[in-house]
Amino acid sequence: MMTLTGTLTRVISGLCLLASFLAGCGAAPDIAIPATLPTEPIQPSPTFLATRAPVTTHTPSLAAPPLDAGTPNPTFLPLPQYTLTSTLDYAAHQLVTAEQIVYTNRTGEKLDELALMIPPLDFPGVFTLQQMAWEDGNPVEGSSLQGSRMKVPLRAPLPPGEAVELHISYELQIPSPTPSAEVRPIPFGYTARQTNLVDWYPFVAPYVPGEGWLAHQPGYFGEHLVYEDSDFQVNLRLLGDLPVMTVAASAPETKDGEWHRYTHPAARNFAWAVSPQYQVAETSVGNTKVLSYFFPYHQSAGEAALQTTADALALYNEKFGEYRHPALSVVEADFLDGMEYDGLYFLSNGFYNLYQGTPGEYLVTIAAHETAHQWFYGAVGNDQALEPWLDEALCTYAERLYFENLHPEALDWWWGYRVQYYQPSGWVDSTIYNAQGYRAYRDAVYLNGAMFLEELRTLMGDNAFFTFLRSYASEKNSQIATREDFFTQVDQFTSADTSTLLKKYFSNP
Ligand SMILES: [Zn+2]
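**Section: the nonpolar core**
Phase 1 of the analysis: By size, the foremost hydrophobic cluster in this structure holds 81 residues, and its most contacted members are Tyr316, Leu347, Leu363, Trp389, Phe452, Leu456 and Phe486.
Phase 2 of the analysis: Among all residues touching Trp389, those that are not within four sequence positions of it are Leu394, Val428, Asp429, Val445, Phe452, Arg483, Phe486, Phe487 and Phe506.

**A word on the side chain of His216**
Phase 1 of the analysis: Assignment of secondary structure puts His216 in the loop between strand 12 (212–213) and strand 13 (230–239).
Phase 2 of the analysis: In terms of polar contacts, His216 uses its side chain to reach the side chain of Asp383, at 2.8 Å.

**A word on helix 5 (residues 389–406)**
Phase 1 of the analysis: Across its 18 residues, helix 5 extends 24 Å between first and last C-alpha, which sits within 8% of the 26 Å expected from 1.5 Å per residue.
Phase 2 of the analysis: Burial runs high along helix 5: 15 of the 18 residues are buried.

**What to know about the coordination of the zinc ion**
Phase 1 of the analysis: Protein coordination of the zinc ion is provided by Cys25 (O), Cys25 (SG), His369 (NE2), His373 (NE2) and Glu392 (OE), with donor distances spanning 2.0 to 2.6 Å.
Phase 2 of the analysis: Sequence positions of the residues that donate to the zinc ion give the spacing C-x343-H-x3-H-x18-E. Note that Cys25 is positioned in the loop between helix 1 (2–19) and strand 1 (81–89) and Glu392 in helix 5, a separation of 367 residues in sequence. Residues Cys25 and Glu392 agree in their burial class; the two are buried.

**What about the pattern of salt bridges?**
Opposite charge on two side chains permits pairing when their charged atoms draw close.
Phase 1 of the analysis: In the structure shown here, the tally under the stated rule is 19 salt bridges.
Phase 2 of the analysis: Linking Arg237 and Glu258 is a salt bridge whose minimum nitrogen-to-oxygen distance equals 3.3 Å. In this pair, Arg237 sits in strand 13 while Glu258 sits in the loop between strand 15 (253–256) and strand 16 (259–267), placing the two residues 21 residues apart along the sequence.
Phase 3 of the analysis: The partly exposed category is assigned to Glu258, whose relative accessible area is 46%.
Phase 4 of the analysis: Of the charged contacts in the structure, one is a salt bridge between Arg439 and Asp443, with a shortest N-O distance of 2.7 Å. A residue pair is termed a helical-turn pair when its members lie 3 or 4 positions apart in one helix, as Arg439 and Asp443 do in helix 7 (residues 438–460) at four residues.
Phase 5 of the analysis: Sharing partners across several salt bridges, the network here consists of Arg400, Glu404, Glu454, Arg457 and Asp462.

**Describing the sheet that holds strand 1**
Phase 1 of the analysis: Spatial ordering of the open sheet is given by 4-7-2-1-13-16-15, a layout of seven strands whose pairing is mixed. Strand pairing shows two members of the sheet lacking a second neighbour, strand 4 (127–134) and strand 15, which therefore form its edges. Between one strand axis and the next, the sheet turns through 15 degrees on average, direction left out of account.
Phase 2 of the analysis: Pairing of strand 2 (residues 94–104) with strand 7 (residues 163–173) involves eleven bridges; the strand directions are antiparallel. The partner of Glu99 across the bridge, within strand 7, is Ile168.

**Here we look at the packing of aromatic side chains**
Phase 1 of the analysis: Throughout the structure, instances matching the rule amount to 43 aromatic pairs.
Phase 2 of the analysis: Where Tyr207 meets Trp213, the ring centres are 4.8 Å apart and the plane angle is 75 degrees; that geometry is what we call edge-to-face. The pair formed by Tyr207 and Trp213 is uniform in burial state, with each residue classed as buried.
Phase 3 of the analysis: With 6.2 Å between their ring centres and 85 degrees between their planes, Trp389 and Phe452 make a pair best called edge-to-face. You can see Trp389 sitting in helix 5 and its partner Phe452 sitting in helix 7, a full 63 residues away along the chain.
Phase 4 of the analysis: With a relative accessible area of 1%, Trp389 lands in the buried category.
Phase 5 of the analysis: A cation sits over an aromatic face here: Lys319 above Phe466, 4.4 Å from the ring centre.
Phase 6 of the analysis: Positioned over the ring face of Tyr422 is Arg442, at 4.2 Å from the centre of the ring.

**Overview of the packing of helix 4 (residues 362–372) against helix 6 (residues 411–419)**
Phase 1 of the analysis: As a packed pair, helix 4 and helix 6 sit with axes 12 Å apart at the nearest point and diverge in direction by 85 degrees. By the criterion of interaxial angle, the relationship of helix 4 to helix 6 is roughly perpendicular. Counting all contacts with helix 4, which are made through Tyr362, Thr365, Ile366 and His369, the residues of helix 6 involved are Trp413, Trp414, Tyr417 and Arg418.

**Here's the deal with helix 4**
Phase 1 of the analysis: Counting buried positions along helix 4 gives eleven out of eleven residues, so the element sits mostly inside the fold.
Phase 2 of the analysis: Those residues of helix 4 not exposed but buried are Tyr362, Leu363, Val364, Thr365, Ile366, Ala367, Ala368, His369, Glu370, Thr371 and Ala372.

**Structural notes on unusual backbone geometry**
Phase 1 of the analysis: Look at Asp199: it is not a glycine, yet its phi comes out positive at around 45 degrees.
Phase 2 of the analysis: Positionally, Asp199 belongs in the loop between strand 9 (194–197) and strand 10 (203–204).
Phase 3 of the analysis: We classify Asp199 as buried; its relative accessible area is 12%.
Phase 4 of the analysis: Of note, the phi angle at Gln423 is positive, near 45 degrees, even though the residue is not glycine.
Phase 5 of the analysis: Within the element layout of this structure, Gln423 appears in the loop between helix 6 and helix 7.

**Comments concerning the confidence of the model for the chain**
Phase 1 of the analysis: Residue-level pLDDT values for the chain average 88, and 85% of them are 70 or greater.
Phase 2 of the analysis: Per-residue pLDDT stays below 50 along residues 1–17; that stretch engages in 26 contacts with residues further than four places along the chain or on separate chains.
Phase 3 of the analysis: Low pLDDT, under 50, characterises residues 19–23; the predicted model gives this stretch 25 contacts beyond four residues in sequence or across chains.

**Some remarks on the sheet that holds strand 6 (residues 149–158)**
Phase 1 of the analysis: Strand order in the open sheet formed by four strands is 5-6-3-10, and the pairing between neighbours is antiparallel. Of all strands in the sheet, those with a lone pairing partner are strand 5 (144–146) and strand 10, marking the two edges.
Phase 2 of the analysis: Bridging between strand 3 (residues 111–117) and strand 6 involves six bridges; their strand directions are antiparallel. Bridge assignment links Ala115 to a residue of strand 6, and that residue is Lys151.

Reading the values: rules and limits
- Residues numbered from 1 in each chain as written.
- Predicted model: local features only at pLDDT ≥ 70, side-chain atom pairs only at ≥ 80, totals over all residues.
- Heavy atoms only, no water.
- Core = buried A, V, L, I, M, F, W, Y, C linked by side-chain atoms within 4.5 Å.
- Buried < 20%, exposed > 50% of the residue type's maximum accessible area, 1.4 Å probe, protein only.
- Contact = heavy atoms within 4.5 Å.
- Helix = DSSP H or I, 4+ residues; strand = E, 2+ residues; numbered from the N terminus.
- Polar contact = N/O pair within 3.5 Å; in protein donor to acceptor, adjacent residues only side chain to side chain.
- Expected span 1.5 Å × (residues − 1).
- Donors = N, O, S within 2.8 Å, 3.2 Å for Na, K, Ca; no water.
- Salt bridge = Lys/Arg side-chain N within 4 Å of Asp/Glu carboxyl O.
- Pairing = 2+ DSSP bridges.
- Axes fitted to C-alpha atoms, helices over the stretch in contact; angles between N-to-C directions.
- Phe/Tyr/Trp six-rings, centres within 6.5 Å; stacked < 30°, edge-to-face > 60°.
- Lys NZ or Arg CZ within 6 Å of the ring centre and 35° of its normal.
- Parallel < 35°, antiparallel > 145°, perpendicular 65-115°, else oblique.
- pLDDT = per-residue confidence, 0-100.

Below is the structure:
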């Protein structure tokens, strides 16, 4: 206990660095400094196409309605296909990309338009569109932008089962992130020692039959993008006279001369990072390769990130079902949180700086959290903007499972300093547009979310609870789950009355 307390003191002073910023995925602790927030509230996705209504008394299932005879079954239709061929001028911070999207209509409805998400447009002066054309080379006409969302009218309605092909050439002038209380930390951009590319290409938003596109606008905190499982083929090349560069990516690399080539099937997205400084440590869990990329003076923290990721992956394989990709990478990054992508996640250098070599630390906690996102966010998708608890509460609770099973000596530390210290309150089913601020959002969705799951587990009993979790992960694998899916699964494995629990934790019980 003394050791953990001593660690906490050092962590508290160090985390002031992390604390003064709005946190994203791992929702890093804000121990000393309350986050200051812009006061103007954001309305959730008000008018863009037919985006789902943000507040409903009944959350509809995203499962497709029954298909008419003759409508192609989406199960047998190809996922959206992305081919990205990019050249990075590392020194000039420029990325030139030719992108091809083959989008097969799996919605069961006739589509008149596509909703294209272009996340780099959220950063001023970063994205330049050079050309956007159809398969036959004719330019796309009549598109309109709303923030970083583009409505692309189709030349002819696209019937279910048919495909359309888009060719997009664009350039990114990669930004250098300046931490501020008004910008949520995202590991997109370059610093003196690395370049991180996340949400770096246009992609088609998921479409919910009967409702429309899940195309939300950004909030001040939390993540707003919703991803459909897609197939990625990525070809990367670095320009210029460079020292030896290491590329970390969402998928294993095949080297082909100057090209780094990647295939990443059935994934939510593809992220990568480049640095001349990365050291790499590697291990494996069954057939899964686990890699840790870290800066040279963080050897022991980099190895701890590797070991935590590997141990958590083995545990979650057992609890939630087998990890679905051949590799998982943890990448040290110059930003102020942890952030998950499919097959790769970033961890703040702050956690590495503070690492003391004990189990009860934020590096370990957030690594266990981000690893869990490979199941809840990756394998099982969700609407991160309107139902963030579906991934964040589960991943925070997965931290508890990590400590309970692998480092029970630090479990009390985890409850005490990760959760109870904040005396969390607030509705677990809050959205990222919650205007109460970052701290309220994190306390409600992450921390109170973990409290809710602890009580649900107690109510159901361990056997039913873990059978439910595994069944939910398996049933919703490769899909976008909703709260209705979650509770339908709960009800399958317990006859216990959950209504009291729901009234306690949910604004919409
Ligand atoms: Zn998270």
